[in-house]
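# Structural overview for review
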There are 2 protein chains.
Amino acid sequence: MNELLFSSGTSYEYPLIIKKILTSALRYAPARTICYRDGLTYTYTTLEDRIKRLAGTLSALGVKKGDVVGMVDYNSHRFLESYFAVPMMGAVLATFNWRQGIDEFGHTISHAAPRVLIVHEDFLCLLKKVKDSLEHVDHLVLITETDHPEEPLFSFTGEYEDLLAQAPPGYEFEDFDENTPATLYYTSGTTGLPKGVSFTHRQIVLQTLSLGLTLGSYSSKIRFSSKDVFMPLVPMWKEHAWGLPYLATMLGAQQVYTGKFEMECMLHLFTKYRITFSVCVPTALHMILEHPYAKELDLSSCKLIVTGARLSEKLAKIALSRGLQVTSAFGLSEACPLVSMTHLKGDLDGRTTKKKIEVLASAGLPAPLVDVEIAETSGHLKKTDNLSQGQVIIRSPWLAREYHRDPKKTMNLWKHGWLYTGDLGFIDKDGYIHVTDRVRNVSKSGGEWVSHLKIENLVRKYPGVKDAAVVAVPDEVWGERPAVFVVIDDAHGATVDSVQIEKFMHSFVRTGDLPKYALPDRYLIVDEIPKTEVQKIDVREIMERYGDLLFSAG
Amino acid sequence: MNELLFSSGTSYEYPLIIKKILTSALRYAPARTICYRDGLTYTYTTLEDRIKRLAGTLSALGVKKGDVVGMVDYNSHRFLESYFAVPMMGAVLATFNWRQGIDEFGHTISHAAPRVLIVHEDFLCLLKKVKDSLEHVDHLVLITETDHPEEPLFSFTGEYEDLLAQAPPGYEFEDFDENTPATLYYTSGTTGLPKGVSFTHRQIVLQTLSLGLTLGSYSSKIRFSSKDVFMPLVPMWKEHAWGLPYLATMLGAQQVYTGKFEMECMLHLFTKYRITFSVCVPTALHMILEHPYAKELDLSSCKLIVTGARLSEKLAKIALSRGLQVTSAFGLSEACPLVSMTHLKGDLDGRTTKKKIEVLASAGLPAPLVDVEIAETSGHLKKTDNLSQGQVIIRSPWLAREYHRDPKKTMNLWKHGWLYTGDLGFIDKDGYIHVTDRVRNVSKSGGEWVSHLKIENLVRKYPGVKDAAVVAVPDEVWGERPAVFVVIDDAHGATVDSVQIEKFMHSFVRTGDLPKYALPDRYLIVDEIPKTEVQKIDVREIMERYGDLLFSAG
C-alpha cells in the first residue's frame, strides 16, 4: 500500500486522474448495469473486475507507462473497459476511425505507433490492407463474436475474452501525475492526413466535471442524471463519444452499447432498455425520425444531444413535435470536444417557440470553464466586440496542447494564447454563439470532415479534367454535402461527361482511397472556376455564378 | 493584454482560478440579481463592477499578491464581493468568527495577520477589546449602514461604499498559479485556540464543480440549478458558507443575503424573494419550523441542506411533513467543507419512508472526487472492512494541507496520506456513511464546536471545585449541549452549590472569555469523576453511573 510512504503531517496531493472517476460509480451504483446489444449485461462491480483484468492482460504483454494501446472496435462494453484500463495504467489509449480512407487508416495507426492493438474481427480485412503500418505493434489482440471465426489473417496473441478470463484479478492502479497523457485520437484532416490530438488525465477529468454541470445544473430540459439510461450513437473512437461514457460512469448511470450499428437493432435497444439519454449527429436523428419502425416509438422520455453539425430549425421542429427533447452541442475534436450547449436561459422561458428553435439551432452557451471570444478574421488581434462575425476562438482546461508530433500544424491551432477553431461566427446579445461559416475549405457531412482539396486532387486525375472545385452544399440530412464543379480541356470537350467522372470517383471508394461519406453526389461541368487574386478558388463567386445550376440539379 | 506574450503554437495552460468561476455567471446571467436584506438589489454585471472596484481599492491601499485581507461582517453582498475580489488579486481572504470568545477572536486576527481589515460597525466594540491583535493591520475599512454612525473608535482609512465609489473601474485580474492560497478561516478548537485552514484557488474551483455535480447530477430531490433563488443561513465567515456562494455565482443563480440575522426579517426575505434553496444547521431549521410566522409559510418549493450536525430523524420527519425538501450534508472545516450528502439512491426509491428518513439522518454518499474509508481506531493501519466502526478518513482535492502555521497539530490531521476527521463511524452496505461518535472530547452545539477542556478549566477556577468533567448530551434543538459534573472538596462541602457555579460561568460570557453557545446548561454535583487507567475522564462510565441523574434533571 502506498499509504505507508506518507509520513504523519504530510497531505495527500489528490491528482485528477481517471481512476478517481470510477471510484464514484462503484460507491454509488455497484449493481447498476452495462449492456451490450441484445445479450450481454453486467454490473459496475464486474466492470471494475474486467478493467483490472484488461490492465493485468496488457501488463503481462509488456505495456508500460507511456506506451500506446490501440483499439479498433464498434461501440461496446470492451471499448468502455479500454477507456478506463489503458489510461489508468499510465498508458495511452489510441482509438482509430475504421470508416476513413485506407491511407488515412494506415497513417493513423503508424503515426500513433501502438505496442498492442485490439481489433474486432470485422476489421481484419481493413487491417490486412495496412499491414505495413503495424511495424510498432508487438501484440495483436482479437475480438471475436462468432462461434467459428474465420482463419485469422494475422498471428494473434490471444482473444480478448480468453485473455481476460486468464488474467489475474486485482490489478492495483497506482497514482501518478495528472498531466500524464491518457488518450489519443485523430481528426479527419481538412487538408492532408488526419491530425492526432492527445488528452491528459487532468483534461478528461475536468471535462467530465464540466460536462456534468452543463447537463445537470442549468435550467435546461436536457438533464443527465444518475437515473438515466445512456446509449451513445456517436462512435467511441471519436472524441471519447463526446466524453459521455466517462460522465455516465462517474454518475453510475446504466449504459447500453450498440455494437455494429444496425438501425433496427438500435431501435430495438431503444425500446428494450427504455433509453432516456443519447447523443448523435443530425443525420442519425433524421434517419431515426424517418424510420418506419421509429414512428411507433414513444420518444417523449428521451433526451438527445445533437452534435457534429448544426441542427437545422426544420429538424429541431420535427424532433420537438415528436416529444423528443433535443439540445445541440458545439464542440471540436481539438477541444475534447466540449465547447457549448444550447440551454434555454431562464429569462427566455416566456419567448416564442420560434425563439426557442432559433436557440436550439445555435451553438449555445459555453460550458463552465470554457471561454469563447470572436477574433478578427485577419487573425492578428482579438476583438472586443463579439457581435460581428469573426473567427471563434476558445480557451478551456481540456484543449489539445498540440497536434501530435506535428509542430507545424500546431502553429495554426494556437495563436495569441487562444485555440483558433477554424469556425466563423458571432455571439449574440443573449450570449449565444452562432457558427456561420468556416475558414477552411471543407464540408461536414454526417459529423465528418470532408476535405475538398482531396476530392479536387482525385477528380483532376481523370483524363481531360483541366480544373476542379468542390463546394459545401447545405443538406437537410447530412448537414452539408460536397458538390464538384469540373472544367474539361478543349482536347476532350464533349467526350467527357459527369457520369464518367462520378464512376471514376466511385472507384476510389472501392479501393479505400476515399471514405464513402466523402463521395460527392453532384458533378457539374462548367466553363471556368472563378479564382481570387491569389489564385485560390473563389467559393463565393462560384455560388453566385453557378448556384442556380446546383440547386436545379437536385 | 497578456495575449501578446503567447507565440504561435503555444497553448494556454488554463489555471483553475476563482476568476474563471465568475466568467460563467456573467455570460449566463448578466441581469440576474444579488439582493441584500429588504433594500439593495443589483445585477451580476454590477457585481463584477464592484468586485473590480474593491480590488482597485485594495490595490491602492498597497495590497499585493500573498497579502491577507480580513473580513468581519454579517452575510452580505459585500462578503460575496470579497469572496471574489480578494483571491482574484492573488491576495488571501481571511474571514473571522465574531461569535467566538474574545481571546479566540483576537488570536485569529493576530494569527492571520491581515494588512487590511474590513469591519462592519456593529463589531467595533469587539475590535476595541482585541486592539493588540491589530499589529499587522495597516488599514481599517469601515462598513456602515446607519445614517449617523457613532464616533469611530479607530482611525479608519475610509468607508466601504465611499472607497468603492472613488475607486477606478476596470481593474484587470491577471492569471496566476492555481495553487496560490485564496482563503483562510479558523475552526473553533476542540482543544486550545482555533486552528487556521487555508485553501487554494484550485481547491475552491474543484470543490465548486463537485458541489454542483452532487447537487445537480444525482437522482436527489435537492437539485440546485441556475433557476434557484439562493439564501444561505450559515455564516459566510465559516467554510465559505458551505461553498454555495461560489456555486450560486458560477451558475448565475439569484442570491439573497440576510445581513444581521433576525428571525422575522429572514422569514420575510423567504417570502419576498421566494427562496428556493438554502443551507442551515439543524438548530436553525428547528427554530424556523417552530416559529409562529413560519407556520403560514409555504415551504413546498424550498430545498434545504442541513449541515453542521446530524439531522435527527424527528426533525427530518417534521420538515418532510411541511413539504420542505431536506438533505443532510456532512463536511468539516478542514475539508472546505464538502465530504458527502444524503442522496436517496435510485434503487432505494421503493423503500419505506422510515428507510428514507434513516438515509436523511446519515452522513450520506461521498461527493464526486471524495474518497472515504474507515480506519482502525488504533490509527495505525487502514482497515479494509468499512462496515465496523472506526475513524472516518478522507481524501479529496480540496482538503486543508495543514493547520496554518501549526506543524505540530498538522501531525494529527494527516496520517498515512489520509485526513483523519476525528469522527467515528462506519459505512453501511448501501455505501452510506454513518457518524456515530467522535475521537475528541467536544460537543457540537448549533454547528459550533465546544471544547470540554476549556469549560472544565474555567469551572475548576471556582473556589472549592476539586474536579470537573463535561459530557455532550444529545439535544433536539442544538444537536448536542455540554453538561458539567462537578466534585466539591471536603473543606467547602455543602457551602457550594450548582447555582453558584452557573453564575460564575455566566461571568465568562460577559467578559467574552466564553462564547454564549459554549455555556453549559446543566451543572450536577457528584462524589467522584470516574477516570480511565491513564487518568483520562471516562465518559462512558460517567454516563453509566450518572446518566439517570442527568436526564431526570432536565
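The structure presented is a predicted model; accordingly, all values stated were derived computationally and were not measured.

## Description of the packing of aromatic side chains
Residue and element names in this part refer to chain A.
- Tallied over the full model, the rule gives 34 aromatic pairs over all chains.
- Centre to centre, the rings of Tyr12 and Tyr14 are 6.0 Å apart; their planes meet at 85°, and the pair counts as edge-to-face.
- Overall, Tyr12 belongs to the buried group, its relative accessible area being 6%.
- The class of Tyr14 is buried, set by a relative accessible area of 4%.
- Three or more aromatic residues joined by ring pairs form one cluster here, namely Tyr74, Trp98, Phe123 and Trp237.
- Positioned above the aromatic ring of Tyr420, the side-chain terminus of Lys415 is 4.8 Å from the ring centre.

## A look at the relation of the copies chain A and chain B
- Take chain A, turn it by 180°, move it 0.0 Å along the axis, and it overlays chain B with an RMSD of 0.1 Å. The transformation just described matches what one would write down for a two-fold rotation axis. The rotation axis passes nearest to the C-alpha of A:Gly216 in chain A, at a distance of 2.4 Å.
- When the interface residues of chain A are mapped onto chain B, 100% of them are again interface residues, pointing to one common binding face.

## Let's talk about unusual backbone geometry
- For the bond from A:Cys336 to A:Pro337, the omega torsion is -5°, close enough to zero to count as cis.
- Residue placement: A:Pro337 occurs in the loop between strand S14 (325-331) and strand S15 (338-341).
- Although it is not a glycine, B:Glu239 sits at a positive phi angle of roughly 50°.
- Judged by relative accessible area, which is 10%, B:Glu239 ranks as buried.
- In this model, B:Arg405 sits at a positive phi of 50°, which is unusual for a non-glycine residue.
- Classification of B:Arg405 by relative accessible area gives exposed; the value is 52%.

## Topic: the sheet that holds strand S11 (residues 254-257) of chain A
Residues and elements named next belong to chain A.
- Spatially, S2-S1-S11-S10-S12-S13-S14-S15-S16 is the arrangement adopted by the nine strands of the open sheet, whose pairing is mixed. Bordering the open sheet on either side are strand S2 (40-43) and strand S16 (365-366), each of which pairs with just one other strand.
- The pairing of strand S10 (residues 229-232) with S11 spans two bridges and is parallel. Counterpart to Phe230 in the pairing with S11 is Gln255.
- Seen against the sheet, helix H9 (residues 244-251) touches S10, S11, strand S12 (277-280) and strand S13 (303-306) and runs at an angle of roughly 145° to S11.

About the thresholds
Residues numbered from 1 in each chain as written. Chains lettered and ligands numbered in written order. Predicted model: local features only at pLDDT ≥ 70, side-chain atom pairs only at ≥ 80, totals over all residues. Heavy atoms only, no water. Phe/Tyr/Trp six-rings, centres within 6.5 Å; stacked < 30°, edge-to-face > 60°. Buried < 20%, exposed > 50% of the residue type's maximum accessible area, 1.4 Å probe, protein only. Lys NZ or Arg CZ within 6 Å of the ring centre and 35° of its normal. Least-squares fit on C-alpha atoms with pLDDT ≥ 70 in both. Contact = heavy atoms within 4.5 Å. Helix = DSSP H or I, 4+ residues; strand = E, 2+ residues; numbered from the N terminus. Pairing = 2+ DSSP bridges. Axes fitted to C-alpha atoms, helices over the stretch in contact; angles between N-to-C directions.

All we've got here are geometric facts, nothing functional implied.
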